[in-house]
Amino acid sequence: MYGRKGYQLVKDFASGEKGHLKPFNSKLFDETIEECDQSHHLIQSLIRKMQQEGLDVHSNRNADHYGALVHHLSLIRNKRCLMAYVHNRADIVRDLAWRVGLEIIDLPPDIQEKLTALEKDYFKNHSVAIKSYMGKVGIELNVDMVPPKDPYIKIRVVGDIDQGIVMSDKTTNFARSSMHFLKRTDAEPYIARGQMEELTG
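Cut-offs used in this document
- Residues numbered from 1 in each chain as written.
- Predicted model: local features only at pLDDT ≥ 70, side-chain atom pairs only at ≥ 80, totals over all residues.
- Heavy atoms only, no water.
- Salt bridge = Lys/Arg side-chain N within 4 Å of Asp/Glu carboxyl O.
- Helix = DSSP H or I, 4+ residues; strand = E, 2+ residues; numbered from the N terminus.
- Buried < 20%, exposed > 50% of the residue type's maximum accessible area, 1.4 Å probe, protein only.
- pLDDT = per-residue confidence, 0-100.
- Pairing = 2+ DSSP bridges.
- Axes fitted to C-alpha atoms, helices over the stretch in contact; angles between N-to-C directions.
- Core = buried A, V, L, I, M, F, W, Y, C linked by side-chain atoms within 4.5 Å.
- Expected span 1.5 Å × (residues − 1).
- Polar contact = N/O pair within 3.5 Å; in protein donor to acceptor, adjacent residues only side chain to side chain.
- Phe/Tyr/Trp six-rings, centres within 6.5 Å; stacked < 30°, edge-to-face > 60°.

S.K.: I tried to follow the pattern of salt bridges on my own but got confused; where do I start?
M.R.: Opposite charge on two side chains allows them to pair when their charged atoms are near. This model, assessed by the stated rule, comprises nine salt bridges. The salt bridge partner of K49 is D64, with a shortest N-O separation of 3.4 Å. Here the residue K49 occupies a position in helix α2 (residues 26-52), and D64 occupies one in helix α3 (residues 63-99), the gap between them amounting to 15 residues. Its relative accessible area of 38% is what places K49 among the partly exposed residues. Notably, a salt bridge pairs R94 with D91, separated by 2.1 Å at the nearest N-O pair. One end of the pair, R94, and the other, D91, are both in helix α3, three residues apart, so they sit about a helical turn from each other. Overlapping salt bridges, with partners in common, bring together K5, K27 and E31 in one network.

Given below as structure tokens:
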């Protein structure tokens with residue numbers, strides 16, 4: 001009661017690494033909604049009690065009035081915590097589209113497992129909107145904002161990648177630990193997914 005569940009929900013989100021998702025805490029989320037319902041019922045009960053006693057709900061300042069006020073503030077606090085939890089997760093989901101890729105299959109399996117069905121739909125709809133806009137303006141918006149010194153970079157393969165990948169100018173087999181000289185735009189999605197690393201110096 002008194003907004004404790006909402007506080008625990010926000011604390012659970014904040015305990016994760018910044019910019020990274022934890023699995024959706026549906027248990028605590030549902031408990032917070034249940035606590036909201038309890039607060040709402042208690043408010044209604046106290047208001048009915050004052051009305052039955054012939055008291056003016058707006059001007060009366062007895063214990064029931066302040067009890068209803070406390071439950072009202074608890075309800076508002078829990079609702080704000082619920083919205084903050086969903087909003088902050090949505091921020092990360094949108095960011096994934098820019099950093100990792102615009103297709104749900106681009107997301108690593110461990111990230112996909114942490115998304116709810118609604119969050120996956122949100123990711124897809126956001127990606128469709130980005131691709132639609134990029135198609136209209138004719139600009140790839142999800143590449144480096146700072147122009148690179150060289151369009152090609154040297155990379156090392158650090159993860160498992162399917163064989164026979166077709167890049168923009170050639171077909172390449174990416175064996176683990178092999179090194180390649182690729183177009184930056186071709187390599188960036190794999191770097192974002194942790195399957196390649198850029199070699200500098």
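S.K.: Can you walk me through the confidence of the model for the chain in this structure?
M.R.: The predicted coordinates should not be examined in detail at positions where pLDDT is low. With 91% of its residues at a pLDDT of 70 or more, the chain has an overall mean of 85. Helix α1 (residues 4-14) holds the highest mean pLDDT among the elements of the chain, 92, whereas strand β2 (residues 165-166) holds the lowest, 64.

S.K.: Any chance you could explain the sheet that holds strand β4 (residues 179-183) here in plain terms?
M.R.: Neighbouring strands of a sheet are bound in pairs by backbone hydrogen bonds; such pairs are parallel or else antiparallel. Strand order in this open sheet of three strands is β4-β1-β5, and the pairing throughout is antiparallel. Taken across any chain shown, the strands that pair with only one partner, and hence form the sheet edges, are β4 and β5 (196-199). Shown here is a sheet whose adjacent strand axes are inclined to one another by a mean of 45°, direction ignored. Bridge count between strand β1 (residues 152-157) and β4: five bridges; the pairing is antiparallel. Bridge pairing in β4 links I153 to L182.

S.K.: Quick question: what am I supposed to make of the nonpolar core here?
M.R.: When a protein is soluble and globular, its nonpolar side chains tend to lie buried together. Core analysis: the largest hydrophobic core is formed by 14 residues, its most contacted members being L21, L96, L107, L115 and F123. Among the secondary structure elements, those contributing two or more residues to this core are α3 and α5 (117-137). Residues I153, V157, L182 and A187 belong to the second largest nonpolar core, which totals nine residues.

S.K.: Help me understand α3 in this model?
M.R.: Structural remark: α-helix, 3.6 residues per turn; residues separated by three or four positions point the same way. In this model α3 runs 54 Å from its N-terminal to its C-terminal C-alpha over 37 residues, within 8% of the 54 Å that 1.5 Å per residue would give. You can read the cap of α3 off the contacts: a side-chain oxygen lies 3.2 Å from the backbone nitrogen of D64, and it is on N62.

S.K.: How should I be thinking about the packing of aromatic side chains in this particular structure?
M.R.: Each aromatic ring pair is specified by the distance between its two centres and by the angle formed by the two planes. Taken as a whole and assessed by the stated rule, the structure comprises six aromatic pairs. Where F24 meets Y85, the ring centres are 5.3 Å apart and the plane angle is 65°; that geometry is what we call edge-to-face. With F24 in the loop between α1 and α2 and Y85 in helix α3, this residue pair connects regions lying 61 residues apart in the sequence. Feature note: the residues F13, F24, F29 and Y85 constitute an aromatic cluster, connected by ring pairs.

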